[in-house]
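Tertiary structure, described
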Amino acid sequence: GVARRTTAPEILSGTCPFAGSPIVKKSKRHRSHDRSAMQYALLIYSTEESTPEERRVVEAGVAPVLARPYVSSWARLHAPETATTVRQQQGETLLTDGPFVDTKEFLGGLIVIEVDNLDVALTVAAELQALRPSNAIEVRPVRDEVPGGG
């Protein structure tokens, strides 16, 4: 990627080129007050771009899952080459076009679910992974802490 230096105010004054995009879904509900339920992030990794036919098949299978009541939020991400990486170097903000590391596997999207336990989260991940066997889905618990303890 191409690196360029900038300042935080320059970053904050910009606008997101993907604002209002249909690939981002806002959360449809607030975190449950039921402390027995846990949130898990399903991080979906791909190693290759889908063909239009593959996308149709996967989207047809994913749509019913996303409509389930335990899905808190989800987002599909644009291709890695659309990324900008923000780092600090010698006290300056450094922006690099493209992903931070060059890898064959990339994060294609994520789904946040709220379920009773890890076994249920793994079952949902396995159902989604079966739609495109070349994908990998990493399941991680979501931290339930407010930054700063407030």
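The coordinates are above.
Overview of the structure. Please read these numbers as outputs of a predicted model, since none were measured by experiment.

This paragraph deals with helix α3 (residues 118–129). Between its terminal C-alpha atoms α3 stretches 16 Å, which fits the 16 Å expected from 12 residues at 1.5 Å a residue. Of the surrounding elements, those touching the buried residues of α3 are β3 (38–46), α2 (52–66), β7 (106–115) and β8 (136–141). For α3, the capping residue at the N-terminal end is Asn117, with a side-chain oxygen 3.0 Å from the backbone nitrogen of Asp119.

With that settled, consider unusual backbone geometry. Phi angles above zero are rare outside glycine, and Gln90 is one such case at about 50 degrees. With respect to the element layout, Gln90 can be found in the loop between β5 (84–89) and β6 (92–97). Owing to a relative accessible area of 78%, Gln90 belongs among the exposed residues under this scheme.

Among the nonpolar cores identified, the biggest contains 19 residues, and Leu42, Ile111, Ile113 and Leu128 are the most heavily contacted of them. Contributing elements (two or more residues each) for this core: β3, α2, β4 (71–76), β7, α3 and β8. Sequence-distant contacts of Ile113, that is, excluding residues within four places in its chain, are made with Met38, Gln39, Tyr40, Leu42, Tyr70, Val71, Ser72, Ala121 and Val124.

We now examine the environment of Gly109. Take Gly109: it is sitting in strand β7. A C-alpha to C-alpha distance of 9.2 Å links Gly109 and Ser46, two positions 63 residues apart in sequence. The residues touching Gly109, leaving out its near neighbours within four places in the chain, are Leu42, Leu43, Ile44, Ala75, Arg76 and Leu77.

Inspection of the secondary structure assignment puts Thr93 in strand β6. Here the side chain of Thr93 touches Gln88 through a polar contact of 2.9 Å, side chain to side chain.

This part is about the pattern of salt bridges. Per the stated rule, a full pass over the model turns up 4 salt bridges. Across the pair Arg68 and Glu127 runs a salt bridge whose closest N-O atoms are separated by 2.8 Å. In this pair, Arg68 sits in the loop between α2 and β4 while Glu127 sits in helix α3, placing the two residues 59 residues apart along the sequence. Looking at Arg68, the relative accessible area reads 25%, which means it is partly exposed. Among the salt bridges present, the one from Glu138 reaches Arg140, with a minimum N-O distance of 2.6 Å. Since its relative accessible area comes to 44%, Arg140 is described here as partly exposed.

This brings us to the pairing of β6. Pairing between β5 and β6: 6 bridges, direction antiparallel. Bridging from a neighbouring strand, Arg87 pairs with Leu94 of β6. Hairpin connection from β5 to β6: 2 residues lie between these consecutive antiparallel strands, with Gln90 at a positive phi of about 50 degrees.

The rules behind these values
- Residues numbered from 1 in each chain as written.
- Predicted model: local features only at pLDDT ≥ 70, side-chain atom pairs only at ≥ 80, totals over all residues.
- Heavy atoms only, no water.
- Helix = DSSP H or I, 4+ residues; strand = E, 2+ residues; numbered from the N terminus.
- Expected span 1.5 Å × (residues − 1).
- Contact = heavy atoms within 4.5 Å.
- Polar contact = N/O pair within 3.5 Å; in protein donor to acceptor, adjacent residues only side chain to side chain.
- Buried < 20%, exposed > 50% of the residue type's maximum accessible area, 1.4 Å probe, protein only.
- Core = buried A, V, L, I, M, F, W, Y, C linked by side-chain atoms within 4.5 Å.
- Salt bridge = Lys/Arg side-chain N within 4 Å of Asp/Glu carboxyl O.
- Pairing = 2+ DSSP bridges.

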